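Observations on the three-dimensional arrangement
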Amino acid sequence: MNIGIKDVLRQIRLFFICYLILLCLCLIIKLTFSREEIYFAVNSCNYAWADSIAPYITNMGNGWTIVILSAIMALFNYRAAFLMATSWGLTSILAQVLKHFFDAPRPKLYFKDQLSRIHFVKGVDVLSFHSFPSGHTVTAFSAAVVVTYLSKNKNWGVPLLLLAMLIGYSRMYLSEHFFEDVTTGSVLGVLLTIFWLTWLDGKKFMHTSGWNRGLLKS
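In this text the structure is predicted, and so the values were computed from the model without any measurement. (Residues numbered from 1 in each chain as written. Predicted model: local features only at pLDDT ≥ 70, side-chain atom pairs only at ≥ 80, totals over all residues. Heavy atoms only, no water.)

1. Considering a nonpolar patch on the surface
Our working rule: A patch consists of residues exposed above 30% relative accessible area that lack any salt bridge, with like charges linked at up to 9 Å and nonpolar side chains (Val, Leu, Ile, Met, Phe, Trp, Tyr) linked at up to 5 Å. Areas reported here follow the Shrake-Rupley algorithm with a probe of radius 1.4 Å; residue values treat only the protein chains shown as occluding. Should a side-chain nitrogen of Lys or Arg be within 4 Å of a carboxyl oxygen of Asp or Glu, the pair is scored as a salt bridge. Working definition: helices are DSSP H or I runs of at least four residues, strands are E runs of at least two. Numbering for both runs from the N terminus. Type-normalised accessible area, obtained with a 1.4 Å probe on protein chains alone, sets the label of each residue: buried when under 20%, exposed when over 50%, and partly exposed for intermediate values.
Together, Ile 68, Ile 72, Phe 76, Leu 215 and Leu 216 line one region of the surface with nonpolar side chains, adding up to about 520 Å² of accessible area. Note on placement: Leu 216 falls in the segment after α10 (179–200). On the accessibility criterion, Leu 216 (60% relative accessible area) is exposed.

2. Thoughts on the packing of aromatic side chains
To keep it simple, the criterion reads: Stacked, edge-to-face and tilted labels apply to pairs of Phe, Tyr and Trp rings (six-membered ring for Trp) whose centres lie within 6.5 Å, assigned for plane angles under 30 degrees, over 60, and everything in between, in that order. Placement of a positive charge over a ring is assigned whenever Lys NZ or Arg CZ falls within 6 Å of the ring centre and within 35 degrees of the normal to the ring plane.
Scanning the entire structure with this criterion turns up 14 aromatic pairs. Ring plane angle 65° and centroid distance 5.9 Å describe the contact between Phe 111 and Phe 178, whose orientation is recorded as edge-to-face. Taken together, the residues span a long stretch of sequence, with Phe 111 in the loop between α7 (107–110) and α8 (135–150) and Phe 178 in the loop between α9 (157–173) and α10 at a distance of 67 residues. Overall, the relative accessible area of 2% leaves Phe 111 in the buried class. Overall, Phe 178 belongs to the buried group, its relative accessible area being 1%. An aromatic cluster is defined as three or more aromatic residues linked by ring pairs; in this entry it consists of Tyr 39, Phe 40, Tyr 110, Phe 111 and Phe 178. The lysine or arginine in question, Arg 35, covers the ring of Tyr 110, its NZ or CZ lying 4.8 Å from the ring centre.

3. Some details on the pattern of salt bridges
Per the stated rule, a full pass over the model turns up six salt bridges. With a shortest N-O distance of 3.4 Å, Glu 180 and Lys 30 are connected by a salt bridge. Of this pair, Glu 180 sits in helix α10 while Lys 30 sits in helix α2 (residues 13–32), and the two are 150 residues apart along the sequence. With relative accessibility at 15%, the residue Glu 180 sits in the buried group. Its relative accessible area of 31% is what places Lys 30 among the partly exposed residues. Residue Arg 35 pairs with Glu 180 through a salt bridge whose shortest N-O separation is 2.5 Å. Here Arg 35, found in helix α3 (residues 35–44), pairs with Glu 180, found in helix α10; they are 145 residues apart in sequence, far enough to count as distant.

4. A look at helix α4 (residues 48–59)
To keep it simple, the criterion reads: To obtain the arc, one takes the directions from the helix axis to the C-beta atoms. Whether two residues are in contact is decided by their heavy atoms: any pair within 4.5 Å suffices.
Within the span of α4, buried status applies to Ala 50, Asp 51, Ala 54, Pro 55, Ile 57 and Thr 58. Looking straight down α4, one finds that the buried residues subtend no more than 165° of arc, so they occupy a single side. Set apart from the buried face of α4 by more than 90 degrees, the exposed residues are Ala 48, Trp 49 and Tyr 56. Those residues of α4 that are buried are in contact with α8 and α9.

5. Some points on the environment of Gly 214
With respect to the secondary-structure elements, Gly 214 resides in the segment after α10. What makes Gly 214 buried here is its relative accessible area of 0%. Along the sequence, Gly 214 and Tyr 78 sit 136 residues apart, while their C-alpha atoms lie 5.4 Å from each other.

6. Focus on the side chain of Thr 139
Mapped onto the elements of the fold, Thr 139 is located in helix α8. What Thr 139 contacts, discounting residues up to four positions off in sequence, is Gly 61, Asn 62, Ile 66, Trp 88 and Ser 92.

Shown next, in the form of structure tokens:
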């Protein structure tokens, strides 16, 4: 089956258009304000209720979420589960390579002389190294693209984008990442997944009857 990048973009067009608007806004923010200004603007807007839910939101962007989601998908459709799992694997590996290549300090280390100004959420283990890019954000946006691509109702792309944004924001709220870490993570997650879906879902075997059934639909 011949699938081109235009076909993938057509399937996620609402998500992608909204994402491009979001990305433009992020670039404007980055060009207008400094890293420190953005970080402390986010960090100063903290609330007790947000402290309690931010760790749960951020955990939706970890690998175990994708493993569980892929397992559930496999019950109904092997193709969907394979697209989800492999998209996560590809984007996560690249994110880890970049993290170790740049070895950028996280906010806790970057602002080590200003720790008294920083609001930390109690009970959260704040890391110090490998800040760029945000792996949780890469995962969240990659998964959002895959689910939107597979969904019959493409309007799901909007709430999925909002959820991915929320996960990305939680990484900044918890002082685990900077704005540029999250923004770049979203770009990697979206673009790499689009190219991966174009290549993998264009393979003939992905559309055979065997791959389009699941454990519960044998």
